Amino acid sequence: MHLLYLDTMVFISAIEGTEHDSLAQCARAVLRSAVNGTVRAMTSELTIAEVLSFRAKELSGSERSLLRGIYEEVLINQRAIALCPVSREHMFISADLSATQSAKVRLPDRLHLAAAIDSGATHFVSLDQRINPPTPIQKIGLDEATYALLQTQVPDA
């Protein structure tokens, strides 16, 4: 079975996206597949800080508190998505990635890639066009290819 590394925007799209947004619908399908156990999914603890700070200045204290509760439920309490800690090894890997990634790929993005590499992810699910995961990790977006991957999940032999 594939191991999907979910970039921060997958969670933001799923939770904060509108009902008719195709990206949000695909992101929700990915999360449902993880909850149902049809895919293995993971992200880094870095995602917690990123999702909670994404719109922090736009929201009232009560809205931030409500959103925090939702993200805690999805990222921590449900335990459907493996949450890996940021490690020293991720720091070294992200530094190495600065030699192969575009200069526009920020440190947090390289830390996500490092976590995916270190964890043996087969796919990196992201909307960020600047990120180019190294082989053998395949990058996929929130689109028809991702839906197809979710539909064809079978345990690896």
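Up top you'll find the structure we're talking about.
Visitor: What am I meant to see in the overall build of the chain here?
Guide: For the chain, the count of helices and strands is seven helices and five strands. Of the regular secondary structure in the chain, the N- to C-terminal order runs β-α-α-β-α-α-β-α-α-β-β-α. Scaling as 2.2 N^0.38, a compact globule of 157 residues should have a C-alpha radius of gyration of about 15 Å, and the chain matches this with 15 Å. For the C-alpha atoms alone, the extent of the chain along its principal axes is close to 40 × 35 × 25 Å. By the burial criterion, 42% of the 157 residues in the chain qualify as buried. Counting only contacts in the chain whose residues sit at least 6 apart along the sequence, the fraction spanning at least 24 positions is 66%. Carbon and sulfur atoms provide 54% of the accessible area of the chain, an area that totals close to 8,500 Å². Separation of charge centres in the chain, based on 14 positive and 18 negative side chains, amounts to 4 Å.

Visitor: Teacher, can you tell me more about the pairing of strand β2 (residues 40–44) here?
Guide: Every regular strand shows the same layout, with side chains that alternate between the two sheet faces. Counting buried residues in β2 gives four out of five residues, a clear majority hidden from the surface. One ladder, built from three bridges, connects strand β1 (residues 3–6) with β2; its direction is parallel. Looking at β2, one finds that Y5 is bridged to M42. Here β2 pairs with strand β3 (residues 81–84) via four bridges, running parallel. Bridging across to β3, T43 finds its partner in L83.

Visitor: Help me understand the environment of A24, please; the structure alone is not making it clear to me.
Guide: In this structure, A24 sits in helix α2 (residues 22–36). A residue is classified by how much of its surface remains accessible, and A24, at 0% relative accessible area, is buried. Those residues in contact with A24, other than ones at most four positions away along the chain, are S13, A14, G17 and T18.

Visitor: Sorry, what's going on with the pattern of salt bridges here?
Guide: Oppositely charged side chains can pair when the atoms bearing their charge come close. Applying the stated criterion across every chain yields a total of six salt bridges. Note that E72 is salt-bridged to R68, the shortest N-O span being 2.5 Å. Taken together, the residues E72 and R68, both in helix α4 (residues 61–77) and four residues apart, mark about one turn of the helix. By relative accessible area, E72 is classed as partly exposed at 29%. The class for R68 is partly exposed, based on a relative accessible area of 47%. Through salt bridges that share partners, R106, D109, D128 and R130 make up one connected network.

Here is what the cut-offs are and how they apply
- Per-chain numbering applies: the sequence of each chain, read as written, is numbered from 1 onward.
- Whole-chain, interface and lining totals are the exception, using all residues; otherwise, since this is a predicted model, local features are given only for residues with pLDDT of at least 70 and side-chain atom pairs are given and counted only at 80 or more.
- The basis for every side-chain value is the complete set of non-hydrogen atoms in the structure, without hydrogens or water.
- Note on conventions: DSSP H or I runs of at least 4 residues are helices, E runs of at least 2 residues are strands, and numbering of each starts at the N terminus.
- Computation of the radius of gyration draws on C-alpha atoms, with the globule rule given as 2.2 Å multiplied by the number of residues to the power 0.38.
- Under the scheme applied here, a residue whose accessible area is under 20% of the maximum for its type counts as buried, over 50% as exposed, and between as partly exposed, the area being computed with a 1.4 Å probe on protein chains only.
- Residues are treated as being in contact if the distance between any of their heavy atoms lies within 4.5 Å.
- Note on areas: Shrake-Rupley with a 1.4 Å probe; residue coverage comes only from the protein chains shown.
- We score Asp and Glu as negative and Lys and Arg as positive, and we do not count His or the chain ends.
- Every charge is mapped to an atom, namely NZ of Lys, CZ of Arg, CG of Asp or CD of Glu.
- Any two strands with at least two DSSP-identified bridges between them are counted as paired.
- Any carboxyl oxygen of Asp or Glu within 4 Å of a side-chain nitrogen of Lys or Arg constitutes a salt bridge here.

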